[in-house]
Amino acid sequence: MRFAIGDTDFLLDGEPHRVLSGAIHYFRVHPDLWQDRIRKAKLMGLNTVETYVAWNAHAPRPGEFDLTGGLDLGRFLDLVAAEGMHAIVRPGPYICAEWTNGGLPYWLFTDGTVGVRRDEPGFLAAVQDYLEQLAPVLVPRQIDHGGPIVLVQVENEYGAYGSDPVYLTKLEQMHRNIGLTVPFTSVDQPMGTMLEDGSLPSLHKTGSFGSRSAARLERLRQAQPTGPLMCSEFWDGWFDSWGEHHHTTPAADSAADLDVLLAAGGSVNVYMFHGGTNFGFTNGANDKGVYRPIATSYDYDAPLDEAGRPTDKFHAFRAVIERYAPVPPLPASMQPGGSGRLTDDDGTGLEARPAPARDVAVRLDRVASLRSLLPALTGWTTHDEPPTFDALGAASGFVLYRTEVDLPTGGVLTVGDEVRDRAVVTVDGVVVGVLEREHHDRAIALPPVTGTLELLVEDQGRVDYGPRIGEPKGLLGGVAVDGVPVARWSASPLALDPIAPAALAQLAETAPTDGDVLAGPVFAAGSFDLTEPGDRYLSLDGFRKGVAWVNGFCLGRYWSRGPQRTLAVPGPVLRAGRNEVVVFEVHAAASRRVCLLVEPDLGHTEG
């Protein structure tokens, strides 16, 4: 088969074809649930699934490239093909996606000489290696090789970042050189000169917008007089940042804009069809003068919610699509009021996943301080000044900085340039306070102390958009007290995703204790039994800030400031019989009780 760009339409084997696509990021969905989410995209009336490729997820360290488990992109694309659907792949190398560092590996920029998203030899050489690693996955899965891939996007919204046709030309050629033959696209907002700045004549321009469809398409047509009109990011919702409200958009309004888009003959990629979750430490952040880390949930108010259940938007979009293309019959479980779970009874061939019957409370009765677990978690290195996370080989998470001080009258501790991103300051094990990047904190008063000064620094998410992509993490510019630099530091990156097995073993052997209050930084664990595993939501009411795991799977970060109040626990993570919850609380918790809920709480009011 052949897929091409005609004068007015996409052409599938020479016939006009409308792309009806939805975004599902394989790296935000448990791999055992990929087929379920893809099947539901087809049931909404879509004929294509789109995904970014997260370079930094596949290449966590130099010389490594992981295509296994939840990163098995080939298997994901094969599942798309098995549903009789097409695929759009967006390998970047930059993806934004509200994903840490916009998908770019942190280690790429550690020596300060490699350029970011530009015509620079070090950056382009790394991109070349990345694309060569992807070639065996993508090339044989193109439609002209019998696979599902019909379009490949080069870069991502580049017009909002720069205007460098030399860089884009070299990048396009790299994609061609690995054997990609399907049409190439670019995407930018139809505003100002972004469409022109972010593309080339050889790339088919597409738009990104979520409202005012007619005006946006008119601007797109102005920039590109011929070829099919396409919105390849039709924003049907938005992402959440910690401390803000949970974003929602009215289903009727989004459906009306979709109707205008399709009535104009346009093709579409719904961003997102299913958002999923920023598991582990994968969330990104924005910094447009104020640093804003993105929440763990990537629900996005999409047609399929974080748990994979149809929302009102699913049904509203399906009703619009039905006016322009055939849609398959909708199983009873997917109709309004249904369970939202596909089963064999629906004739889908998917394994039934029963809905959990009740909430399950768990007491975290095994407790160990961070200090007591440190020897099992990590090792120490010594430095003249605090090293960055990047210099320590720490992609994300936490680093503990420690030094000995003699301050009989106290003093004012100052971080030279910036705290990236949040530091809990303690003297002799007593918390003094917190320095937060988003508040532009750089100084804190210390009490009299002759002993140990520690700063537990958290990377809350690397910036994914704009000029601060690729920046290092840690205590930038060194640390001084009353203007005198503090030297002779020890630094310890914490191995938390996954937790070091030795630390888990030590926590498991800790004798259960009584009491309710937890004083952090502290790890706490508890066990619970299930008869039937199914999707759950971990509620940490009474906890302040930290990270949680179930059966060793890192669910991600929690924070009492909201808006998100529960963490998604995918059903495949759970098992019949005994299960284990581990929580790392940075500050304190008023209770040792957590709960596995049947329903989520994303925070539909102000956080």
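What counts, and where the lines are drawn
Here the residue numbering is sequential within each chain, running from 1 through the sequence in written order. Under the rules for a predicted model, residues below a pLDDT of 70 receive no local features and side-chain atom pairs below 80 are neither given nor counted, while totals for whole chains, interfaces and linings still include all residues. Side-chain measures were taken over the full set of non-hydrogen atoms in the model, leaving aside hydrogen atoms and water. UniProt positions are given in the numbering used here, feature names are shortened, and annotations may be inferred rather than shown by experiment. We count a stretch as a helix when DSSP gives it H or I for four or more residues in a row; a strand needs E for two or more, and each element gets its number in order from the N terminus. When a residue's accessible area, from a 1.4 Å probe over protein chains only, is under 20% of the maximum for its type it is buried; when over 50% it is exposed; and in between it is partly exposed. Throughout, a contact is declared for two residues whenever any of their heavy atoms are within 4.5 Å. Any two strands with at least two DSSP-identified bridges between them are counted as paired. A right-handed crossover is one whose linking path, passing over the helix from the first strand to the second, runs clockwise when the strands point away from the viewer. Note on definitions: angles span 0 to 180 degrees between N-to-C directions of axes, and those axes are lines fitted to C-alpha atoms, for helices only across the stretch in contact. For classification purposes, angles smaller than 35 degrees are called roughly parallel, those larger than 145 roughly antiparallel, those between 65 and 115 roughly perpendicular, and all remaining angles oblique. Left-handed describes a crossing whose near helix is turned anticlockwise from the far helix through less than a right angle; right-handed describes the clockwise counterpart. Under the scheme applied, nonpolar residues are Ala, Val, Leu, Ile, Met, Phe, Trp, Tyr, Cys and Pro; charged residues are Asp, Glu, Lys and Arg; polar residues are all the others, including Gly. Aromatic contacts are taken between Phe, Tyr and Trp rings whose centres are within 6.5 Å, Trp giving its six-membered ring; a plane angle under 30 degrees counts as stacked, one over 60 as edge-to-face, and the others as tilted. For a lysine, the NZ atom is tested; for an arginine, the CZ atom; a charge sits over a ring if that atom is within 6 Å of the ring centre and within 35 degrees of the ring normal. Bear in mind that the domain bounds are from an automatic or database domain assignment. Buried area: the accessible surface (1.4 Å probe) lost by two parts on joining, summed over both. Here a salt bridge means any side-chain nitrogen of Lys or Arg lying within 4 Å of a carboxyl oxygen belonging to Asp or Glu. Polar contacts, as counted here, are pairs of nitrogen or oxygen atoms within 3.5 Å of one another; within protein the pair requires one atom able to donate a hydrogen and one able to accept it, and residues that are adjacent in sequence qualify only if both atoms are side-chain atoms. In this analysis the probe radius is 1.4 Å and the grid spacing 1 Å, with only protein atoms considered; a cavity is a set of points the probe fits into but cannot get out of, a pocket is an open set with protein on both sides within 12 Å along at least five of seven lines, and lining residues have an atom within 4 Å of a point. Grid points are joined across faces, edges and corners, and a volume is the space filled by probe spheres set on the points.

Student: So what's going on with the UniProt feature "active site" (unreviewed entry) in the chain? Residues and values would help.
Tutor: Using the residue numbers shown here, the UniProt feature "active site" (unreviewed entry) corresponds to Glu-157 and Glu-233. Sequence-wise these annotated residues cover 77 residues; spatially they are packed, their C-alpha atoms never more than 10.3 Å apart. With respect to the helices and strands, the residue Glu-157 is situated in the loop between β7 (149-153) and α5 (165-177). With relative accessibility at 9%, the residue Glu-157 sits in the buried group. With sequence-adjacent residues up to four places away left out, Glu-157 is seen in contact with Arg-117, Val-187, Asp-188, Gln-189, Ser-208, Glu-233, Trp-235 and Tyr-465. Tracing the backbone through its elements, the reader meets Glu-233 in strand β10 (residues 230-235). Beyond its immediate sequence surroundings of up to four residues, Glu-233 is in contact with Tyr-52, Arg-90, Asn-156, Glu-157, Gly-207, Ser-208, Phe-209, Asn-269 and Tyr-271.

Student: Kindly report on unusual backbone geometry, identifying the contributing residues and their values.
Tutor: At the junction of Tyr-271 and Met-272, the peptide bond is cis and its omega measures out at 0 degrees in the coordinates. By the element assignment, Met-272 lies in strand β11 (residues 267-274). Residue Pro-498 is bonded to the preceding Asp-497 through a cis peptide linkage, with omega at 0 degrees. Along the chain, Pro-498 falls in the loop between β27 (489-493) and α11 (501-508). The phi dihedral of Cys-96 falls on the positive side, at around 60 degrees, and the residue is not glycine. Counting through the fold element by element, Cys-96 comes out in the loop between β6 (86-90) and α4 (121-138). Take Cys-96: its relative accessible area is 7%, and that puts it in the buried class. Its identity is not glycine, yet Arg-212 carries a phi of approximately 50 degrees, on the positive side. Residue position: Arg-212 is located in the loop between β9 (204-209) and α7 (213-223).

Student: Can you tell me about the pairing of β11, naming the residues and giving the values?
Tutor: β11 sits mainly inside the fold: 8 of its 8 residues count as buried. Pairing between strand β4 (residues 20-24) and β11: 4 bridges, direction parallel. Bridge assignment links Gly-22 to a residue of β11, and that residue is Val-270. The pairing of β10 with β11 spans 4 bridges and is parallel. Paired with Cys-231 across the bridge in β11 is Val-268. Between β10 and its parallel partner β11, the chain crosses via helix α8 (residues 251-263), and the hand of that crossover is right-handed.

Student: Give me the lowdown on the sheet that holds β9, citing residues and values where you can.
Tutor: If you trace the 8 strands once around the closed barrel, you get β4-β5-β6-β7-β8-β9-β10-β11, paired in parallel fashion. Each neighbouring strand pair of the sheet contributes to a mean axis angle of 30 degrees, computed without reference to strand direction. Where α8 meets the sheet, its contacts fall on β4, β9, β10 and β11, and the angle it forms with β10 comes to roughly 180 degrees.

Student: Quick rundown of the packing of α4 against α5? Include the residues and the values.
Tutor: Running from N to C, α4 and α5 cross one another at 25 degrees; their axes reach a closest spacing of 10 Å. Between α4 and α5, the angle is such that the two are roughly parallel. As for the relative orientation of α4 and α5, their crossing is right-handed in sense. Between α4 and α5, the residues in contact are Phe-123, Leu-124, Val-127, Gln-128 and Leu-131 and Tyr-167, Lys-170, Leu-171, Met-174 and His-175, respectively. Of the residues assigned to the contact of α4 with α5, the class counts are 7 nonpolar, 2 polar and 1 charged.

Student: I'd like a description of the packing of aromatic side chains, backed by residues and values.
Tutor: Evaluation of the coordinates by the stated rule reveals 26 aromatic pairs. With a centroid separation of 6.2 Å and 40 degrees between ring planes, the pair formed by Phe-123 and Tyr-167 is classed as tilted. Pair noted here: Phe-123 is in helix α4 and Tyr-167 is in helix α5, with a separation of 44 residues, a long-range link. Assigned by exposure class, Phe-123 and Tyr-167 land together as buried. An aromatic cluster of at least three residues, connected via ring pairs, comprises Tyr-52, Trp-235, Trp-238, Phe-239, Tyr-271, Tyr-298 and Tyr-300. The side chain of Arg-28 reaches across the aromatic face of Tyr-298, ending 3.7 Å from its centre.

Student: Which residues make up the domain arrangement of the chain, and what are the values?
Tutor: The assigned domain composition of the chain is domain 1 (3-334), domain 2 (360-368 + 498-597) and domain 3 (379-494). Taking the mean C-alpha position of each, domain 2 and domain 3 sit 27 Å from one another. Listed by partner, the interface residues are 10 residues for domain 2 and 11 residues for domain 3. For the pair domain 2 and domain 3, the two sides together bury roughly 870 Å², of which 53% comes from carbon and sulfur. Counting every contact that joins domain 2 to domain 3 gives 3 salt bridges. Lys-545 is paired through a salt bridge with Glu-458; the nearest N and O atoms lie 2.6 Å apart. Along the contact surface separating domain 2 from domain 3 lie 6 residue pairs in polar contact (both at pLDDT 80 or more). Only β31 (545-550) and β32 (553-559) provide two or more residues apiece to the side of domain 2 that touches domain 3. Class assignment of the residues belonging to the side of domain 2 that touches domain 3 gives a composition of 5 nonpolar, 1 polar and 4 charged.

Student: Describe the layout of surface pockets, naming the residues involved and giving the relevant values.
Tutor: Taken as a whole, the largest pocket spans an internal volume of roughly 1200 Å³. Lining the largest pocket are 47 residues; nearest its centre among them are Ala-57, Pro-60, Phe-281, Thr-282 and Asp-497. When residues of the lining of the largest pocket are traced back to their parent elements, those giving at least two are α2 (55-58), β17 (397-407) and β32. Taken together, the residues of the lining of the largest pocket sort by class into 26 nonpolar, 15 polar and 6 charged.

Student: Lay out helix α3 (residues 73-82) in plain terms, naming residues and giving numbers.
Tutor: Within α3 the residues assigned to the buried category are Leu-73, Gly-74, Phe-76, Leu-77, Leu-79 and Val-80. Tucked inside the fold, the buried residues of α3 contact β4, α1 (34-43), β5 (48-52), β6, α4 and β7. Just downstream of α3 lies Gly-84, where phi reads positive at about 75 degrees.

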